[in-house]
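Structure at a glance
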Amino acid sequence: EVFGAVVRRAYRGVLIDFGATRSRSYLEAWNKGEAPPGLAPQITPLYAPPESLVETRQDDGNLRVTFHPSLDVYAAALVLYALVTGHPPYSHLKTPIDMHDLESVIGAKSAERRAEIDPISADVIRRVVFEDSKFTGGDRASFDLAFFRFLSQRLHPDPEQRGTASEMKRDFEKLCLIRWPSR
């Protein structure tokens, strides 16, 4: 239903979770411990990248979380995963995390950072039922693999490898065969 609305261009965007929005220069200053006084970027822990929840030793020797401009790309990838699969991140793990318990979420993010777990599952993607859907750009298995790879890049452990929001939008349009009319 959602993808049908997108294809028909019968949708509207809604901005949510705007609390992390900061300029690149502010984030760079924050990460160096040089930001002006004020609130840290506000994040939703379950959808935040590991580096923004798990402290690491910085170049100045202090322990701090890091806010990279790709944090929105990471969060958007997890939102798309939940939207398409109907499953929240980490739901495929044998030991479920309690998304309402910050310590549980931080434990999962720490394990993710160490590459012990992934927040998404290719098996969960493969089990999604797409009723009344036709795969015009290939078969279902090809879509599943392409979608998993698309998300995995945006969830890369190295924030520099996640890409930008513009790149993510472009790649999502290619994946879903969204074509904009000529202007």
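Attention here is on the structure that accompanies the text. (Residues numbered from 1 in each chain as written. Predicted model: local features only at pLDDT ≥ 70, side-chain atom pairs only at ≥ 80, totals over all residues. Heavy atoms only, no water.)

**Focus on the overall build of the protein**
Applied cut-off: Strands here mean DSSP runs of E at least two residues long; helices mean DSSP runs of H or I at least four residues long; both are numbered from the N terminus. C-alpha atoms define the radius of gyration in this analysis, and the globule rule sets the expected value at 2.2 Å times the number of residues to the power 0.38. Relative accessibility under 20% of the residue-type maximum defines a buried residue, over 50% an exposed one, and the middle range a partly exposed one, all with a 1.4 Å probe and only protein chains included. The contact rule is simple, with two residues in contact once any of their heavy atoms fall within 4.5 Å. In these tables, accessible area is a Shrake-Rupley quantity obtained with a 1.4 Å probe, and a residue counts as shielded only by the protein chains included in the view. Under this rule, positive means Lys or Arg and negative means Asp or Glu; His and the chain ends count for nothing. Positions of charges follow a simple convention, taking NZ of Lys, CZ of Arg, CG of Asp or CD of Glu.
Helix and strand counts for the protein come out as 7 helices and 2 strands. Its C-alpha atoms give the protein a radius of gyration of 18 Å, near enough to 16 Å, the size a compact globule of 183 residues would have. Sorting the 183 residues of the protein into buried and exposed places 37% on the buried side. Taking contacts inside the protein between residues at least 6 apart in sequence as the whole, the part at least 24 apart equals 63%. With an accessible surface of roughly 11,600 Å², the protein has 54% of that area assigned to carbon and sulfur atoms. Between the averaged position of the 24 positive side-chain charges in the protein and that of its 25 negative side-chain charges there is a distance of 7 Å.

**Regarding unusual backbone geometry**
Phi angles above zero are rare outside glycine, and Y90 is one such case at about 70°. Residue position: Y90 is located in the loop between α3 (71-85) and α4 (102-113). Phi at A115 is positive, roughly 65°, even though this residue is not glycine.

**Some words on the nonpolar core**
This is how the line gets drawn: We define a nonpolar core as any set of buried Ala, Val, Leu, Ile, Met, Phe, Trp, Tyr and Cys residues linked to one another through side-chain atoms lying within 4.5 Å.
Ranked by size, the top nonpolar core spans 30 residues in total, and within it F147, F150, L151, F172 and L175 carry the most contacts. Counting residues per element, the ones that place at least two in this core are α3, α4, α5 (122-127), α6 (140-154) and α7 (165-175). Top contributing element to this core by residue count: α3, with 7 residues. Not counting residues up to four positions away in its chain, the partners in contact with L151 are A77, L80, Y81, I120 and I125. Residues Y26, V65, F67 and L71 belong to the second largest nonpolar core, which totals 6 residues.

**Some thoughts on the packing of aromatic side chains**
Here is the rule: Geometry of aromatic contacts follows a simple scheme: Phe, Tyr and Trp rings, the Trp one being its six-membered ring, pair when their centres are within 6.5 Å, and the pair is stacked under 30 degrees between planes, edge-to-face over 60, tilted otherwise.
Under the definition given, this model contains 4 aromatic pairs. Where F143 meets F147, the ring centres are 5.8 Å apart and the plane angle is 5°; that geometry is what we call stacked. With F143 and F147 both in helix α6 and 4 residues apart, the pair spans about one turn of that helix. Judged by centre distance (6.5 Å) and plane angle (20°), the ring pair of F147 and F150 falls under stacked. Here F150 and F147 lie together in helix α6, a separation of 3 residues that amounts to about one turn. This pair shows no difference in class: F147 is buried, exactly as F150 is.

**Some words on the packing of α3 against α7**
Inclusion rule: For helices, the fitted line uses only the C-alpha atoms of the stretch in contact; every axis is such a line through C-alpha atoms, and the angle between N-to-C directions lies from 0 to 180 degrees. Should an angle fall under 35 degrees it is called roughly parallel, over 145 degrees roughly antiparallel, and 65 to 115 degrees roughly perpendicular, with every other angle called oblique. A clockwise turn of the near helix away from the far one marks a right-handed crossing, whereas an anticlockwise turn of less than a right angle marks a left-handed crossing. Each residue is assigned to one of three groups, with Ala, Val, Leu, Ile, Met, Phe, Trp, Tyr, Cys and Pro labelled nonpolar, Asp, Glu, Lys and Arg labelled charged, and all others, Gly among them, labelled polar.
Here α3 crosses α7 at 30°, and the two axes come no closer than 10 Å. Of the possible angle classes, the one that applies to α3 and α7 is roughly parallel. For α3 against α7, the interelement crossing comes out right-handed. For the pair α3 and α7, the contacting residues are V73, A76, A77 and L80 in the first and A165, M168 and F172 in the second. Here the contact of α3 with α7 is built from residues that sort into 7 nonpolar, no polar and no charged.

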